[in-house]
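# Close look at the chain arrangement
One-letter residues, chain by chain:
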Amino acid sequence: MAKQLIVDLHIHSHFSRATSPNLTLEHIYTACKTKGINIVATGDFTHPAWFKELSSKLVPTEQGLYALRNASQLDSAVPLSCRDNLVRFIYSVEISTIYTRHGKVRKVHTVVVVSDHTKAQKLNAILQKRGNLAADGRPILGMDTEELLKIVLSVDENALIIPAHIWTPWFGVFGSKSGFNSLEEAFGTYARYIYAVESGLDSDPFMNQHKADLGNRTIISTSDAHSAQKLAREATILQCSLRYRDLAEAIKTGDSRFVGTIEFFPAAGKYHLDGHRGCNVKLHFQQTKRIGGICPVCKKPLTLGVLYRINELEKGSVTDFSKSIEYIVPLADIFRDIHAVKSASSVSVVKDTGKAIEILGSEFNILRHVPTSHIRKAGFEELAQAIENMRSGKVVIDPGYDGVFGNVSLFNPSGALPQANQLHIF
Ligand SMILES: [Zn+2]
Ligand SMILES: [Zn+2]
């Protein structure tokens, strides 16, 4: 039987707006090694400078997959415990389309994964006539997403076209600000070519399966990383051969090769609940409905979050959900909690994260597989306790809203919400 592969189909390079300069191929490679990601998106392949770099630094290995040239030179910086982890790249980009459809302005983000370097090159040649691809690693195109889909399929019939973070208010295909109510409304008859959607940080596959037109589609998770540290905060688990075609089929069919997803706790996503950040107002969707969606402080419409939209849109019948879902908290965030510091990049957190990986293996290995008795034996008592709570879902979540991330507390499993929360929760 094929080995499980951890796949991340949506990340960004340093050429995308608001991303870290550490999103270079070299940093992405070493981060994937130490986090335990096997197949990672190139991200941003439509950007001319990034594509040039991809063309010179990536070498073809298995069908549609690529290795970093000279990767072995980087391995001396990778802990021994992670050196055997296989890392491959796959051509992928997120495209932002802004257009008018059915009389409303729409803003939609879509992940496009193509079969190989040649297909990426062909797609770039067409899209460069339609917008300034050099302006942003995540290009903004003034075209209907349905048209984008047609162009992509005309270049590569095996491409994957995956609506990104589908529920986020801005740029989600079902978002409250500029999205649609169904995939049919967004893509017309071409909706049948949408085989998979990305649940985003604020929702999980359980929440998504209730939506009528998602019942027969695969729900994937990706990191959508804007820095190397954020790689692996969500991912997809496949059990298939190392070939693009097999990977794409696994995602299109959602058959037994699609094992499941690794999830951020959705309530901690930054658009989970409704509210106004500036007014310190945070509401559950039922409360928002009761007050007519208007902010009690500033009297303007509230930013409606993911939970609101999921409950607002048409529900389908739920069949048995057979895929695995694992909820995780990134290792650095666990150590941030242990050390009671604000930043996951503080010295003590970085040091302990590195030490744990050196002794116990990759981040995903620690979070998902290493028995907590081993973690204890290695001298990480608090980490073992946190991981026990995380794996059994004994967490307290202060939910996210209106662009503010929530907080997952792993050490207060039966307690009340953290005292630091001074917001009005209506
Ligand atoms: Zn996006
Ligand atoms: Zn307000």
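A few points on the structure. (Residues numbered from 1 in each chain as written. Chains lettered and ligands numbered in written order. Predicted model: local features only at pLDDT ≥ 70, side-chain atom pairs only at ≥ 80, totals over all residues. Heavy atoms only, no water.)

Another aspect to go through is the coordination of the zinc ion (ligand 1). Ligation of the zinc ion (ligand 1) by protein atoms is provided by E94 (OE), H109 (ND1) and H165 (NE2), these donors lying 2.0 to 2.2 Å from the ion. If you list the donors of the zinc ion (ligand 1) from N- to C-terminus, the spacing comes out as E-x14-H-x55-H. Taken together, the residues span a long stretch of sequence, with H109 in strand β7 (residues 104-113) and H165 in the loop between β9 (160-163) and α6 (183-187) at a distance of 56 residues. The burial state of H109 is the same as that of H165; both residues are buried. (Donors = N, O, S within 2.8 Å, 3.2 Å for Na, K, Ca; no water. Helix = DSSP H or I, 4+ residues; strand = E, 2+ residues; numbered from the N terminus. Buried < 20%, exposed > 50% of the residue type's maximum accessible area, 1.4 Å probe, protein only.)

Evaluated as defined, the whole model comprises 10 aromatic pairs. An angle of 70° between the planes, with centres 6.1 Å apart, marks the rings of F45 and Y91 as edge-to-face. Taken together, the residues span a long stretch of sequence, with F45 in the loop between β2 (39-41) and α2 (48-57) and Y91 in the loop between β5 (88-90) and β6 (92-101) at a distance of 46 residues. By relative accessible area, which is 1% here, Y91 ends up buried. Measuring from ring centre to ring centre gives 5.4 Å for F265 and Y327, while their planes differ by 20°; the resulting arrangement is stacked. (Phe/Tyr/Trp six-rings, centres within 6.5 Å; stacked < 30°, edge-to-face > 60°.)

On to the coordination of the zinc ion (ligand 2), then. Coordination sphere of the zinc ion (ligand 2), protein contribution only: H276 (ND1), C279 (SG), C295 (SG) and C298 (SG), at 2.0 to 2.4 Å. Seen from the zinc ion (ligand 2), its four donor atoms lie at angles of 98 to 125°, and the figure they make is tetrahedral. For the zinc ion (ligand 2), the single-chain donor residues occur in sequence as H-x2-C-x15-C-x2-C. Taken together, the positions of H276 in strand β14 (residues 274-276) and C298 in the loop between α9 (285-290) and α10 (306-312) put the pair 22 residues apart, joining distant regions of the chain. For H276, a relative accessible area of 12% translates into the label buried. Since its relative accessible area comes to 29%, C298 is described here as partly exposed. (Tetrahedral: all angles 85-135°; square planar, octahedral: opposite > 155°, others 65-115°.)

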